[in-house]
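Here is what each chain is made of, one letter per residue.
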Amino acid sequence: MSPWLKIVLEIGPLAVFFILFNQAKDPDGDAAQVDALIFATVGFIAALLASIAVTYALTRTVSRMLMATTVVVIVLGGLTVWLRDETFIKMRPTLVNGAFALLLGIGLLQGRSYLKTVIGDLLPMRDEGWMKLTRNWACYFAFMACLNEAVWRNVSTETWVDVKTFVYLPLALIFTLSQSGLIAKYQIEEKAKA
């Protein structure tokens, strides 16, 4: 799959969520914001499922992390729509990031890198590097879970959508890029060249 298509498939559902929310929001009150969030949530779920279908059609595989995230989105998004309560969809980033932090942390306590288990074939590194990278990602996921909790509990729905779109995604990209030095330091050259 081309890198550009991969980016579109990963960012596309979030873009759909943002666009639908902003198209449906009404400045007349909180009830209208809930309706807009529900509308955007339905679109987000549909876009996420379409993204998975396209990914599977092109590669015949879907990552475990994407599947786990999708299950959480469907469950919490479904509760948001069914109960007309925005709390569930706002908690999704907290729960997903918290779960990833917890799983990676459990692996670290066991002396294992679950991150290596998931993406080890794509990134040949020495075990010491995997442990450090896993520690860093566990801390990042924990930070993002705490950040989302602080944001959704203290700002309006509209501001939360903006932060989710324009802060969380750039933070993920910046953090990912910040790990390139660690990856380069522990990369196994023979496998990397092959």
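The coordinates are above.
Everything in this summary refers to the structure shown in the same document.

Thresholds applied
Residues numbered from 1 in each chain as written. Predicted model: local features only at pLDDT ≥ 70, side-chain atom pairs only at ≥ 80, totals over all residues. Heavy atoms only, no water. Helix = DSSP H or I, 4+ residues; strand = E, 2+ residues; numbered from the N terminus. Expected span 1.5 Å × (residues − 1). Bend = angle between axes of the 7 residues up to and from the residue. Buried < 20%, exposed > 50% of the residue type's maximum accessible area, 1.4 Å probe, protein only. Salt bridge = Lys/Arg side-chain N within 4 Å of Asp/Glu carboxyl O. Disulfide = S-S within 2.5 Å. Axes fitted to C-alpha atoms, helices over the stretch in contact; angles between N-to-C directions. Parallel < 35°, antiparallel > 145°, perpendicular 65-115°, else oblique. Left-handed = near helix turned anticlockwise from the far one by under 90°. Contact = heavy atoms within 4.5 Å. Nonpolar A, V, L, I, M, F, W, Y, C, P; charged D, E, K, R; others polar. 1 Å grid on protein atoms, 1.4 Å probe; cavity = no way out; pocket = protein on both sides within 12 Å on 5 of 7 lines; lining within 4 Å. Points joined across faces, edges and corners; volume = space filled by probe spheres on them.

Taking 1.5 Å as the rise per residue, helix α1 (residues 3–24) with 22 residues should run 32 Å; its terminal C-alpha atoms sit 31 Å apart, in good agreement. When the local axis directions of α1 are compared, the greatest deviation, roughly 40°, occurs at I11, which is followed within four positions by the proline P13. Listing the buried residues of α1 in full gives L9, P13, L14, F17, F18 and F21.

As a further point, take the pattern of salt bridges. Any two side chains of opposite charge can pair, given that their charged atoms come close. Under the counting rule described, the total for this entry stands at six salt bridges. Put simply, K132 and E128 hold a salt bridge, and the shortest N to O gap is 3.4 Å. Within this pair, K132 and its partner E128 are both found in helix α6 (residues 127–154), separated by four residues, close to a single helical turn. Overall, the relative accessible area of 46% leaves E128 in the partly exposed class.

Under the defined criterion, the tally for this structure stands at zero disulfides. You can see C139 has no disulfide; the closest cysteine sulfur is in C146, sitting 11 Å from it.

Attention shifts here to the packing of α1 against helix α7 (residues 157–178). For the pair α1 and α7, interaxial distance at closest approach is 11 Å and the crossing angle is 155°. Here α7 runs roughly antiparallel to α1, going by the angle between their axes. Note on packing geometry: the crossing formed by α1 with α7 is left-handed. Of the residues in α7, those in contact with I11, L14, F17, F18 and F21 of α1 are T157, E158, W160, V161, D162, K164, T165, F166 and L169. The class makeup of the residues in the contact of α1 with α7 is nine nonpolar, two polar and three charged.

When you line up the elements, T134 lands in helix α6. Leaving out residues up to four positions away in the same chain, T134 has contacts with L104, L108, S113 and L115.

Reported here for the largest pocket is a volume of approximately 2200 Å³. Forming the walls of the largest pocket are 47 residues, and the residues nearest its centre are K6, E10, S63, M65 and W137. Those elements that provide at least two residues to the lining of the largest pocket are α1, α2 (30–59), α3 (64–83), α4 (87–109), α5 (114–119), α6, α7 and α8 (180–186). No other element matches the eight residues that α1 contributes to the lining of the largest pocket. Here the residues of the lining of the largest pocket are counted per class, giving 31 nonpolar, 11 polar and five charged. In this structure, the second largest pocket encloses a volume near 320 Å³. Counting residues per element, the ones that place at least two in the lining of the second largest pocket are α3, α4 and α5. In terms of residue count, α4 provides more of the lining of the second largest pocket than any other element does, six residues in total. Each residue belonging to the lining of the second largest pocket can be placed in one class, and the counts come to 13 nonpolar, two polar and one charged.

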